[in-house]
Amino acid sequence: MSMAALGRQRRLGVDHDVFVTATCYASATGRERPKADINNLFMIKKFFDNLLELKLNDEPTEGQLNCIGVSMVVLAKSVELDKKRYRKAIDSEELVYPLYEADFGPSLYLVSDAAGVQSAPHEHQTWAVIVGLSGNELNVTYEIFEFRTKTVKPVSETEVKSMDFICLSSKAIHSTCAAGREATYHLHLYGQPLHKLPSYQSRCYSGVLEN
Ligand SMILES: [Fe+2]
């Protein structure tokens, strides 16, 4: 998809302020809040145990992020999706299912975007790793062109399909698009839980310098 088309069809991103969840945010009794069903809990717990061993700080190194990406692929291969519990997005839906949320620290979500759904360029202000389960999440990364007008310039495009991953530093700016005809299922890991991030609007960039 061309950058011009991306600019025209920009929509809210999956980490916007109000997102749809099929699992509830009910009572957290501990520091960690596993949300997944029992079939996936073991693998997710194992993944987070491995993550602890990396002793991450707020700015993981490129090597650490890559290591996380490889571990997420292993996790992705083991995840069994209950298609009723984690139904796939339709029409223009963006579904975000919390799988494992911490009060502070890395948190994992299953994201399903309907075909054609796109986000505005935005930053997370924390690191992120995305791995594909199915569908094609086209990620465009940007650099700041003019800070005053919040204008960004695209610098790369990466298709994240099944078992591909992309790593984003806390300073990265990206947009996503569910490219193709199929809705996506992707795992998104963020350095902090989504509800702890500043508002989505405040993290968006309004102008895109078209190629
Ligand atoms: Fe994002």
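Residues numbered from 1 in each chain as written. Predicted model: local features only at pLDDT ≥ 70, side-chain atom pairs only at ≥ 80, totals over all residues.

J.: Provide a residue-level description of the overall build of the chain, including the pertinent values.
T.: Each helix and strand counted, the chain has three helices and eleven strands in total. Each helix (α) and strand (β) of the chain, taken in turn from the N terminus, gives the series α-β-α-α-β-β-β-β-β-β-β-β-β-β. A burial count over the chain gives 41% of its 211 residues as buried. Within the chain, contacts between residues separated by at least 24 positions form 82% of all contacts whose residues are at least 6 apart in sequence. (Helix = DSSP H or I, 4+ residues; strand = E, 2+ residues; numbered from the N terminus. Buried ≥ 20, exposed ≤ 12 C-beta atoms within 10 Å, placed from the backbone. Contact = placed C-beta atoms within 7 Å.)

J.: Can you lay out unusual backbone geometry for me, pointing to particular residues and giving the numbers?
T.: Not every positive phi belongs to a glycine, and Asp91 is a case in point at roughly 50°. The residue Asp91 is located in the loop between helix H3 (62-78) and strand S2 (94-102) in this model. At Met163, a residue that is not glycine, the phi angle is positive and equals roughly 70°. Along the polypeptide, Met163 turns up in the loop between strand S7 (151-160) and strand S8 (165-168). The class for Met163 is partly exposed, based on 14 C-beta atoms found within 10 Å.

J.: Describe the sheet that holds strand S11 (residues 207-208), with residues and values.
T.: Taking strand neighbours across the sheet as the criterion, the five strands line up as S4-S9-S6-S7-S11 in an open arrangement whose pairing is mixed. Each of the sheet's edge strands pairs with one partner strand only, and the pair in question is strand S4 (122-123) and S11. As paired elements, strand S6 (residues 136-146) and strand S9 (residues 173-179) share seven bridges and run antiparallel to each other. Following the sheet pairing, Thr141 is matched in S9 by His174. (Pairing = 2+ DSSP bridges.)

J.: Mind laying out the nonpolar core, listing which residues take part and the relevant values?
T.: One finds Met72, Val129, Phe165 and Leu189 to be the most contacted residues of the largest nonpolar core, which totals 39 residues. Within the residue set of this core, elements represented by two or more residues are helix H2 (38-53), H3, S2, strand S3 (107-113), strand S5 (128-134), S8, S9 and strand S10 (185-190). Core analysis: the next-biggest nonpolar cluster, separate from the first, contains nine residues, Val140, Val152, Ile173 and Tyr200 among them. (Core = buried A, V, L, I, M, F, W, Y, C linked by C-beta atoms within 7 Å.)

J.: Give me the lowdown on the environment of Glu159, citing residues and values where you can.
T.: With respect to the secondary-structure elements, Glu159 resides in strand S7. Sequence-wise, Glu159 and Gly132 are 27 residues apart; in three dimensions their C-alpha atoms are separated by 9.4 Å.

Worth remembering: the numbers are spatial, not functional.
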